[in-house]
Amino acid sequence: MLSRRGLLATAAWLPLAGRSAHASAPRVSVGSLPFGTVSWEAALIKARGLDAAHGFTLDVVKLAGNDAARIAFQGGQVDTIVGDLLWAARLGNEGRSMRFFPYSTTEGSLMVPGNSPIATLKDLKGKRLGVAGGPLDKNWLLLKAQARDTAGLDLETEATIAFGAPPLLALKLEQGELDAGLLYWTYCARLEPKGFRRLIGSDDIMRAFGATGSMALIGYLFAGETLGAKPEAVAGFTRASKAAKDMLAQDASAWDVVRPLMAAEDEATFEALKRDFLAGIPRRPLAVERADGERLYGVLARLGGERLVGTGTTLPPGLYYDGTANG
């Protein structure tokens with residue numbers, strides 16, 4: 001039987017051993033944008049020790065924006081970022097080994113003021129429409145095609161289009177300088193408590209173009225070299241990501257960790273952001289995601305051409321990653 005001194009020595013040694021083992025675990029670095037939801041998930045992974053539990057140490061690298069994220073990822077400064085399926089496919093078709101692990105099915109929506117007379121896409125004729133991103137934004141391309149197919153409306157020539165950064169467009173919409181705005185989901189969620197409503201969501205448009213359900217057009221991206229160098233750590237990262245999402249879906253206290261990062265100025269905004277984040281958790285088999293990805297890739301390749309997707313005519317083989325060391 002151990003003496004009291006022995007017990008104290010053992011108790012003191014165990015945490016040190018745990019820290020030592022954790023410190024020597026392979027590291028996985030993720031790029032995080034200001035106010036991006038990756039920071040929510042990463043904070044919970046760290047706070048609940050999910051990285052240690054799954055055999056790796058998570059490093060969070062703060063990046064200024066999407067361009068900085070792509071540069072950091074391509075330059076090997078971070079192991080993974082949340083990126084676009086089309087961009088991952090383009091890199092893969094250009095010869096780079098790329099893997100895509102679905103992150104969220106929540107995209108954007110077309111928002112209008114609650115008292116707006118705009119009830120259908122046809123009503124956008126002659127209106128001022130703000131579009132987050134640029135002329136090759138996938139949501140914009142799909143919305144244009146949907147308006148043409150269902151309403152016979154050419155938005156480029158029959159509406160006034162303003163491309164810009166989401167925060168600026170959301171502000172212009174609030175100030176009445178725009179009649180409608182095609183915005184990313186977090187901005188849509190923040191506008192809802194202020195009386196704005198969704199005219200049509202990207203999910204609805206994707207289904208109109210052949211998607212069989214809510215699909216993920218954004219995901220964690222991994223270079224093949226990273227997966228080859230530390231397959232167990234990358235697999236552990238994807239398990240931790242799933243575990244964090246499950247905690248947020250099942251344990252209300254998990255949001256206590258995330259809420260300080262959400263910049264939610266009131267309870268209604270918090271609840272809207274929470275609702276849409278949880279609605280976007282991918283739940284479908286990877287084979288179904290791949291099939292829908294192929295359909296949407298074909299549509300977007302037709303709409304955006306080589307400027308959008310590059311020279312590829314289909315998704316590169318092996319693009320989707322199943323979250324296992326051998327996947």
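Residues numbered from 1 in each chain as written. Predicted model: local features only at pLDDT ≥ 70, side-chain atom pairs only at ≥ 80, totals over all residues. Heavy atoms only, no water.

Colleague: Describe the environment of N326, listing the residues and the values that go with them.
Modeller: Tracing the sequence through the fold places N326 in the segment after α15 (286-309). Placed 94 residues apart in sequence, N326 and E232 show a C-alpha to C-alpha distance of 8.8 Å. (Helix = DSSP H or I, 4+ residues; strand = E, 2+ residues; numbered from the N terminus.)

Colleague: Give a description of the packing of aromatic side chains that names residues and reports values.
Modeller: A complete count under the given rule lists 14 aromatic pairs for this structure. Where W40 meets F277, the ring centres are 5.6 Å apart and the plane angle is 45°; that geometry is what we call tilted. Residue W40 is found in helix α2 (residues 37-47), and its partner F277 is found in helix α14 (residues 267-279); the two are separated by 237 residues along the sequence. Here W40 and F277 have matching classes, each one buried. Counting every residue linked through ring pairs, the aromatic cluster contains F56, F101, Y103, Y220, F222, F237 and Y321. Taking NZ or CZ as reference, R259 lies 4.1 Å from the ring centre of F270, over its face. (Phe/Tyr/Trp six-rings, centres within 6.5 Å; stacked < 30°, edge-to-face > 60°. Buried < 20%, exposed > 50% of the residue type's maximum accessible area, 1.4 Å probe, protein only. Lys NZ or Arg CZ within 6 Å of the ring centre and 35° of its normal.)

Colleague: How would you explain helix α8 (residues 166-174) if you had to name every residue and give the values?
Modeller: For α8, every residue scored as buried is listed here: P166, L169, A170 and L173. For α8, the buried positions fall inside an angular range of 100° around the axis, keeping them on one side. Contacts made by the buried residues of α8 are with β5 (108-113), β6 (128-132), β7 (160-164), β8 (180-184), α9 (185-191) and β9 (196-201). Where α8 ends, the next residue or the one after it, G176, has phi of about 85°, a positive value. (Arc of directions from axis to C-beta. Contact = heavy atoms within 4.5 Å.)

Colleague: Summarise the sheet that holds β8; cite the residues concerned and give the values.
Modeller: Across the sheet, which stays open at both edges, the five strands sit in the order β7-β6-β8-β5-β9 with mixed pairing between neighbours. One side of each edge strand has no neighbouring strand; the edge strands of this open sheet are β7 and β9. Sheet twist, expressed as the average angle between the axes of neighbouring strands with direction ignored, equals 25°. As paired strands, β6 and β7 are joined by five bridges and run parallel to one another. Within β7, the residue paired with G130 across the bridge is A162. (Pairing = 2+ DSSP bridges. Axes fitted to C-alpha atoms, helices over the stretch in contact; angles between N-to-C directions.)

Colleague: Outline the packing of helix α6 (residues 138-151) against α15, supporting the account with residue identities and numerical values.
Modeller: One can describe the packing of α6 onto α15 by two numbers: an axis separation of 10 Å at closest approach and a directional angle of 110°. Of the possible angle classes, the one that applies to α6 and α15 is roughly perpendicular. When the axes of α6 and α15 are compared, the crossing they make is right-handed. Between α6 and α15, the contacting residues are K138, L141, L142, A145 and R148 on the first element and L296, V299, L300, R302, L303, G304 and L308 on the second. For the contact of α6 with α15, the per-class residue count stands at eight nonpolar, one polar and three charged. (Parallel < 35°, antiparallel > 145°, perpendicular 65-115°, else oblique. Left-handed = near helix turned anticlockwise from the far one by under 90°. Nonpolar A, V, L, I, M, F, W, Y, C, P; charged D, E, K, R; others polar.)

Colleague: Describe the packing of α2 against helix α12 (residues 231-250), listing the residues and the values that go with them.
Modeller: Closest axis-to-axis distance for the α2/α12 pair is 9 Å, and the angle between their directions is 95°. Taken together, the axis directions place α2 and α12 in an arrangement best described as roughly perpendicular. When α2 is examined against α12, the residues E41, L44 and I45 are found in contact with a partner set consisting of A240, S241, A244, K245, M247 and L248.

Colleague: Can you explain the pairing of β6? Please cite residues and give values.
Modeller: For β6, the buried fraction is high: four of the five residues fall into the buried class. As judged from the three bridges shared by β6 and β8, these two strands associate in the parallel manner. Across the sheet, residue G130 finds its bridge partner in β8, namely G181.

Colleague: I'd love a proper account of the side chain of S104, names of residues and values included.
Modeller: With respect to the helices and strands, the residue S104 is situated in strand β4 (residues 98-104). Using a relative accessible area of 7% as the deciding quantity, one classes S104 as buried. A polar side-chain atom of S104 sits 3.1 Å from the main-chain amide nitrogen of T106. Beyond its immediate chain neighbours, meaning those up to four positions away, S104 contacts M215, A216, L217, I218, G280 and P282. (Polar contact = N/O pair within 3.5 Å; in protein donor to acceptor, adjacent residues only side chain to side chain.)

Purely geometric numbers; function is a separate question.
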